[in-house]
Amino acid sequence: MTLTGELDTGTEVPAGERVIDVRDLRMRYGTTDVLAGVSFTARRGEVLALLGPNGAGKTTTIEILEGFRMRSAGEVRVLGADPASAGEHWRARVGVVLQSWRDHGKWRVRELLKHLGTYYAAYSTPEISRPWPVDDLLDAVGLTAHAGQRVMRLSGGQRRRLDVAIGIVGRPELLFLDEPTTGFDPAARREFHDLVHRLTDVDDTTILLTTHDLDEAEKLADRIVILAGGRIIADGSADELSRQVAGQTEIRWTRDGQRFIHSAADATAFVRQLFLQYGEDIGDLEVRRDNLEDTYMKLVFDAEGGAR
Amino acid sequence: MMTVLRTGFARGGIELRQTLTTFADLWTYLFPAAILIGTVFFMRDAHVPGTSFSLGASTLPGVFGMGLAFGGLVTVAQLLVVEREDGTLLRAKAAPNGMGGYLVGKAVVVGGMTAISLALQLVPGLFLVDGLHVSLSGWLNLLWLVPLAFVATMPIGAVIGSTFENPRNLGLVMLPVFGLVAISGIFYPITGMPGWLQAVGQVFPIYWLGLGMRSVFLPDSLAVVELTHSWRHLETFGVLAVWAVLGLSLAPWFLRQMARRESGSAVAARRERAMATVGR
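Residues numbered from 1 in each chain as written. Chains lettered and ligands numbered in written order. Predicted model: local features only at pLDDT ≥ 70, side-chain atom pairs only at ≥ 80, totals over all residues. Heavy atoms only, no water.

The name an unreviewed UniProt entry gives chain B is Transport permease protein, with Paractinoplanes durhamensis as the organism. Turning to chain B, the UniProt annotation filed under Subcellular location (unreviewed entry) states: "Membrane". (UniProt positions renumbered as here; feature names shortened; annotations may be inferred.)

The name given to chain A in an unreviewed UniProt entry is Multidrug ABC transporter ATP-binding protein, and the organism recorded there is Paractinoplanes durhamensis.

This is the structure:
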């Protein structure tokens, strides 16, 4: 099955609404092609998840779009400009959440956010007032209680929240999140997801995120792009992808105290048949369609198998 | 441009204040000052050969000059390498005008730290050691010498800092600098060196900064122990100006090259390497 061929005609976003527009992006180190012709778009307010195995080119792609890395070939437009040559005004409209380590350790949380915010003040517009007021921002990421603390005294989870706060202090129109919830506990992850929803719902922020957490991608992303071996092997909503793969649906039930499990391509027909045959005897019925993880595993397996 | 200067000065001010409220930083201010003043204090009875002038008093101004050179060359290089590794620079790159603000901030914080260290050595020195004095012309000389010292050394420090990837290789920079100090007439008079070493010493800014500071704090009669028996202000200005022009013309290119390479994965790679080294 070739998904790649259909992609060019698949999800067409009108040119004017494209916040990200990547055409035939290529990246080559020496004789290795890390990206071998990647094309995708993102529309305003959309959350796009970039998935793929390690070494698939996710980070390279996101760093090219951030303007932190030069590309070998292809056309890239981000917020209407080429990130390789865009200026400071463009930079002010883009947010990048970086993985912190021990930078700014002596700074206090509020002090750092306030200072970094001042870089954006010159780029405030009537529509978007920049920067994000510090107290609101601290509240939004749940760091109000730690505002006076030195950055080096924060826990890992608190630091990641500070990373997010620094990424959005300039009220970006487009936000890049490279594996944002690595090291989060479940509660922090939930809070982070709420924050992402808030950014897209209230501020209409476009978000491009990479993650290995497929559950997270399914929850957050409007659209999912899967990279493998430097190519895009799938592009669509989680639902569309699972339909493309024509996965099996798992059906579980009990009859006469016994458990049964069956996989079927057409679950509806199977269940209808099941009731016709046994009627009232059927209990504890569960019907579970392939989730994103199943779809992802199949797609990546096919892509890597095809390449070998 | 104004934004860059404003944010840069704000950044430098905050970081300078942090050095005054962090124990480790206070230690790096006080420890060298204490050692230096202690040494000079115990040398107070020795005299410059052929004069009745205190040897300690004649050494101290040269050490101030060395402090200026160290601040501009070594501290700037160190901060750039360390803060590149830990991701501070990448954060700056991710903000509009962030790199400009970062660099102005570094100049301010290094200038401020050097000035604080200098004051901590100078003030007790003036009380403990006889013979140091500053005339009006001395203060005026200080007014061009100190800013010129920073402009002559900081860009060179930035060039060094942009070419080293690994903070653990910084020793490679420190070694030649210590070598230069040894032949620059800071602790031992340059007149006692062989001619070719005198020539080498006079190429670099450390000798001239030491000489300049001696001219400010020592009586003019002591100029006789210097090369050509003079403070050579014109030559001092000339050599430092050449270094300033050289540094200012090289630094932007080096800094741009360095900044271009910064990305999340570059910082992550350095983090991995640092973790691997520490773990061993």
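Structure shown, so let's carry the discussion forward.
Student: Talk me through the overall build of chain B; I want residue IDs and the actual numbers.
Tutor: A count of helical and extended segments in chain B gives 11 helices and zero strands. Taken from the N to the C terminus, the helices and strands of chain B come in the order α-α-α-α-α-α-α-α-α-α-α. Whereas a compact globule of 280 residues would reach a radius of gyration of roughly 19 Å, chain B reaches 20 Å, a difference of no more than 12%. Taking the principal axes of the C-alpha coordinates as reference, chain B spans close to 65 × 40 × 35 Å. Taken over 280 residues, chain B has a buried fraction of 53%. (Helix = DSSP H or I, 4+ residues; strand = E, 2+ residues; numbered from the N terminus. Rg over C-alpha atoms; globule rule 2.2 N^0.38 Å. Buried < 20%, exposed > 50% of the residue type's maximum accessible area, 1.4 Å probe, protein only.)

Student: For the pattern of salt bridges, give the residues involved together with the corresponding values.
Tutor: All chains considered together, the criterion is met by 38 salt bridges over all chains. Notably, a salt bridge pairs Arg160 of chain A with Asp163 of chain A, separated by 2.8 Å at the nearest N-O pair. On the criterion of helical spacing, the pair formed by Arg160 of chain A and Asp163 of chain A is a turn pair, its members being three residues apart in helix H6 (residues 156–168). Arg160 of chain A gets classed as buried once you look at its relative accessible area, which sits at 6%. Between Glu15 of chain B and Arg11 of chain B there is a salt bridge, with the nearest N and O atoms lying 3.8 Å from each other. Here the residue Glu15 of chain B and the residue Arg11 of chain B both occupy positions in helix H1 (residues 2–21), the gap between them amounting to four residues, near one helical turn. In this structure, Glu15 of chain B and Arg11 of chain B share a single accessibility class: buried. Here the residues in one salt-bridge network are Asp103, Arg159, Arg160 and Asp163 of chain A together with Arg91 of chain B, joined through shared partners. (Salt bridge = Lys/Arg side-chain N within 4 Å of Asp/Glu carboxyl O.)

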